Amino acid sequence: MSSPSKRREMDVMKLMMSDYKVEMVNDGMSEFYVEFHGPRESPYQEGTWKIRVELPDAYPYKSPSIGFVNRIFHPNVDEMSGSVCLDVINQTWSPMFDLINVFEVFLPQLLLYPNPTDPLNGEAAALMMRDREHYEQKVKEYCERYAKAEDIGRHPEDSSDDELSEEEDCMSSDEEMAGHADP
C-alpha cells in the first residue's frame, strides 16, 4: 500500500462499501459525490446533503477538497459555493485519516460544534452569537427547503431566498447588523 493511487482506490472502495451512497463523477477515483445525513440531536438532523469530494493527486498526503452541493446555513460553510472551513481537513490533515473519517467524524463535528468566530457565512455566525434559538430555527428551515433526500440532486439556484419566510430572514446589511448611529 505504498503508492498514493493504491491508497486512494482503497479509501474510495471502503467508502463505497460503507452505508454511504457514493456517485462517481468520471471513470477516475478523484472526484465523486457522497450523500451525507445531518447528525442526530442537532438542528441538522433532518437534512441530507450531497457532498462533493475531490482527491488531489497527492492524496492521502494532501487533504481532500470537501464542499456542500445543496445549501446549508452554517457559520463555517460558504452559503453560495458550499466550501467548508474545516481546520482538520484544510490545515491539520494527516495520511492517518481516511474518507470514512471525513463523513463519520469531521463533518458531524463541524455541524455539531460550529465556530462563529471564524466564519465563512457571516450572517449565520452573527445570528448564532446573537440569538441561538432563531439560528437553529433558520437551520431547520434550510434543511426543510434545501436538504431533503429527494432534493439532493437539485442545484441551489433551483430555489430562491425569496421562498424563506420574512420572519426567518435576518439582517443582511452591515448597517443593520451594526445598528443605527445615534443622531
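Cut-offs and rules
- Residues numbered from 1 in each chain as written.
- Predicted model: local features only at pLDDT ≥ 70, side-chain atom pairs only at ≥ 80, totals over all residues.
- Heavy atoms only, no water.
- Pairing = 2+ DSSP bridges.
- Helix = DSSP H or I, 4+ residues; strand = E, 2+ residues; numbered from the N terminus.
- Axes fitted to C-alpha atoms, helices over the stretch in contact; angles between N-to-C directions.
- Contact = heavy atoms within 4.5 Å.
- UniProt positions renumbered as here; feature names shortened; annotations may be inferred.
- Buried < 20%, exposed > 50% of the residue type's maximum accessible area, 1.4 Å probe, protein only.

Digging into the sheet that holds strand β2 (residues 31-37)
The four strands lie next to each other as β1-β2-β3-β4, forming an open sheet whose pairing is antiparallel. Edge positions in the open sheet fall to β1 (22-24) and β4 (65-68), since each of these has one partner strand only. Each strand axis lies, on average, 25° off the axis of its neighbour in the sheet, ignoring direction. Note that strand β3 (residues 48-54) and β4 share four bridges and pair antiparallel. Opposite valine 53, over in β4, you have isoleucine 66 as the bridge partner. Those strands touched by helix α3 (residues 99-112) are β2, β3 and β4, and its axis lies near 50° from that of β2.

A few points about the UniProt feature "active site" (unreviewed entry) in the protein chain
Cross-referencing UniProt, the feature "active site" (unreviewed entry) maps to Cys85 in the present numbering. Relative to the elements of secondary structure, cysteine 85 occurs in the loop between β4 and α2 (87-90). Those residues in contact with cysteine 85, other than ones at most four positions away along the chain, are Asn76, Asn90, Leu110, Asp118 and Leu120.

Focus on the environment of valine 53
With respect to the secondary-structure elements, valine 53 resides in strand β3. Overall, the relative accessible area of 0% leaves valine 53 in the buried class. Put simply, valine 53 and glycine 67 are 14 residues apart on the chain and 6.8 Å apart in space, counted from C-alpha to C-alpha. When near neighbours in sequence (up to four residues on either side) are disregarded, valine 53 contacts Ser30, Glu31, Phe32, Val34, Pro64, Ser65, Ile66, Leu99 and Phe103.

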